[in-house]
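The primary structure of each chain is shown beneath.
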Amino acid sequence: MGEVEVGIIMGSKSDWPTMRHAADILDELGVAHETRIVSAHRTPDRLWSYGRDAAGRGLKVIVAGAGGAAHLPGMMASKTRVPVIGVPIQTRALSGVDSLYSIVQMPRGYPVATMAIGAAGAVNAGLMAAAILAVHDAALAMRLEAWRAALSASIPETPEEQAD
Ligand code: RP5
C-alpha cells in the first residue's frame with residue numbers, strides 16, 4: 001500500500017467495533033488508510049486541525065462515523081473540501097436514527113455522503129471511498145471489480161440446499 005489516502009475518523013473509541021468494518025474492507029482492497037478518534041464535542045480543536053490539514057496531507061476521502069448528536073461528519077465537511085462519507089453509529093437510545101438524522105440533513109453547500117446505520121454503512125463507506133479513488137487508479141478499479149464479482153458469485157440461486 002502507498003501513501004495514506006483515506007482517513008477513518010470516529011467520535012469515540014466506542015465507535016470502533018462499527019468503524020473497523022470500513023478499515024477491514026479497505027485493507028482487503030489494498031487501500032492505505034489511517035484511523036483516528038476525533039470528536040466534534042470532546043476534541044473540537046483536534047477536529048479543526050484534522051480538517052485544516054487533510055487536503056494538504058494528501059487525504060482524498062474521509063470516512064467519519066459518529067453516534068447520537070453526530071456532528072463530526074458535518075463539521076468535518078465544513079472544514080475541508082476532501083469528500084466526507086458519514087456513517088451513522090447505531091445507538092442504544094434511538095437505534096441510530098438520531099445519528100442518521102444528525103448526519104444526513106446537511107445545509108446546502110456542505111455535503112456529506114451518508115451511508116446506512118451501523119456495520120453495513122461502515123462497509124459501504126469503505127467501498128465508496130475505494131470507488132472514488134478507483135476513478136483515477138486502474139489497479140484499484142480492477143481489485144474493486146473482482147471484489148464485487150466475488151460477492152455476486154457467492155449469492156446462491158435458491159434459499160435451500162439442493163439435493164444431489
Ligand atoms: C459520539 O457519542 C460518538 O460518536 C459515540 O457514538 C457516542 C457515544 O460516545 P461514548 O460515550 O461511547 O464515548 O460522540
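What you see is a predicted model; the values in this text were computed from it and never measured.

Basis of the calculations
- Residues numbered from 1 in each chain as written.
- Predicted model: local features only at pLDDT ≥ 70, side-chain atom pairs only at ≥ 80, totals over all residues.
- Helix = DSSP H or I, 4+ residues; strand = E, 2+ residues; numbered from the N terminus.
- Rg over C-alpha atoms; globule rule 2.2 N^0.38 Å.
- Buried ≥ 20, exposed ≤ 12 C-beta atoms within 10 Å, placed from the backbone.
- Contact = placed C-beta atoms within 7 Å.
- UniProt positions renumbered as here; feature names shortened; annotations may be inferred.

## Description of the overall build of the chain
At step 1: When helices and strands are tallied, the chain shows six helices and five strands.
At step 2: Secondary structure elements in the chain, listed N-terminal to C-terminal, are β-α-β-α-β-α-β-α-β-α-α.
At step 3: For the chain, whose C-alpha radius of gyration is 17 Å, the value lies close to the compact-globule estimate of 15 Å for 164 residues.
At step 4: Along the first, second and third principal axes, the C-alpha atoms of the chain reach 60 × 40 × 30 Å.
At step 5: For the chain, the proportion of its 164 residues judged to be buried stands at 40%.
At step 6: In the chain, the share of contacts with a sequence separation of at least 24, taken over all contacts with a separation of at least 6, comes to 70%.

## So, unusual backbone geometry
At step 1: With a phi angle near 60 degrees, S95 is a residue other than glycine that sits in the positive phi range.
At step 2: For S95, the position within the fold is in the loop between β4 (84-88) and α4 (97-104).

## Comments concerning the UniProt feature "binding site: substrate" (unreviewed entry) in the chain
At step 1: Those residues carrying the UniProt feature "binding site: substrate" (unreviewed entry) are S12, D15 and R42 in this numbering. Judged by maximum C-alpha separation, these annotated positions cover 31 residues in sequence but sit close together in space, the widest gap being only 14.3 Å.
At step 2: Relative to the helices and strands, S12 resides in the loop between β1 (6-10) and α1 (16-28).
At step 3: Looking at S12, the number of C-beta atoms within 10 Å reads 18, which means it is partly exposed.
At step 4: If we skip the residues at most four places from it in the chain, S12 touches I37 and S39.
At step 5: Structurally, D15 is set in the loop between β1 and α1.
At step 6: A residue is classified by how many C-beta atoms lie within 10 Å of it, and D15, with 24 of them, is buried.
At step 7: Residues contacting D15, with those up to four places away along its chain left out, are M10, G65, A66, G67 and I89.

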